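Chain by chain, the residues:
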Amino acid sequence: MGGSDTTAKPKRHAVITGLAGFCSGATEAAVTMPFDTIKTYCQVQKTGITPVTAARDIHKLKGIGGFYFGLPAVLVQVAGKGAIRWSAYEQFKGGLQAAGAPKASIDLFAGMGAGFAEAFLWTTPTERLKVLRQNDIRSGLNRYSSLPSAVRTVAAEHGITGLYAGIGACGLRQGSRGWVRF
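Quantities reported herein were computed from a predicted structural model and do not represent experimental measurements.

**Brief notes about the packing of aromatic side chains**
Counted under the stated rule, the structure contains 2 aromatic pairs. Between Trp86 and Tyr89, the aromatic rings sit 6.0 Å apart at their centres with planes inclined by 75 degrees, giving edge-to-face as the arrangement. Placement of both Trp86 and Tyr89 in helix H3 (residues 71–98) is noted, with a separation of 3 residues, approximately one turn of the helix. In this structure Tyr89 comes out as buried when scored by relative accessible area, which is 6%. Ring centres of Phe116 and Phe120 lie 6.4 Å apart, and the angle between their planes is 15 degrees; on these two criteria the pair is classed as stacked. Highlighted residues: Phe116 and Phe120, both in helix H4 (residues 103–139), separated by 4 residues, approximately one helical turn. Directly above the aromatic system of Phe69 lies the positively charged group of Lys62, at a separation of 5.1 Å from the ring centroid.

Analysis parameters
Residues numbered from 1 in each chain as written. Predicted model: local features only at pLDDT ≥ 70, side-chain atom pairs only at ≥ 80, totals over all residues. Heavy atoms only, no water. Phe/Tyr/Trp six-rings, centres within 6.5 Å; stacked < 30°, edge-to-face > 60°. Helix = DSSP H or I, 4+ residues; strand = E, 2+ residues; numbered from the N terminus. Buried < 20%, exposed > 50% of the residue type's maximum accessible area, 1.4 Å probe, protein only. Lys NZ or Arg CZ within 6 Å of the ring centre and 35° of its normal.

This is the structure:
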C-alpha cells in the first residue's frame, strides 16, 4: 500500500490517561520536593540566602523530613494536576477534532484548554495550601500542621474562596504552559 496510513488511532480512555498523568505527577513530586522546599524557603526569607544555606537551615530545624514537609499536599497536587491535565487534553483534543478544527491548531488549543481546566479545578487551591504549609517552616507557628487542618484554617478565615487566591494569574500561567507543552 502507499505511504499514507488512513487507520485512525484508537481513542485513549480518559481513566487510563488520567492514571498515567497521576503516576507521572507523583513521581515528579517525590523526586523534586526537596528542591521545591528549598526554593520556597529562600523566597520567604526577608534577606537573600543561598540554596545551600536554606538547605542547612531546613535540616537544622526539621531534619531530613523537613525537605519533605508538606509532601502529602504536594503529592496530591502534582499527581492530581497531571491526571486532570492529560484527561482534559484528550477531551479537548477529541472535541476539536470532531468539530473539524484545523489540524495545526488542535494540540495548541487542546493544551491551552487543559491548562485552564487544571488551574481552575486543581492547581490554584492546592498551590495555596502548599505555600501556606511550606511557609510554616519559617514562621514556626504550625498553623497549617496537616493538609486537613490547612483546609479548615483557610476555610474558617477566608471561606472556601480563600483556596482560590490568585486564580486569575494561575489560570493564565497554566493555560500558557499547556499551550506551549502540547
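Picking up where we left off.
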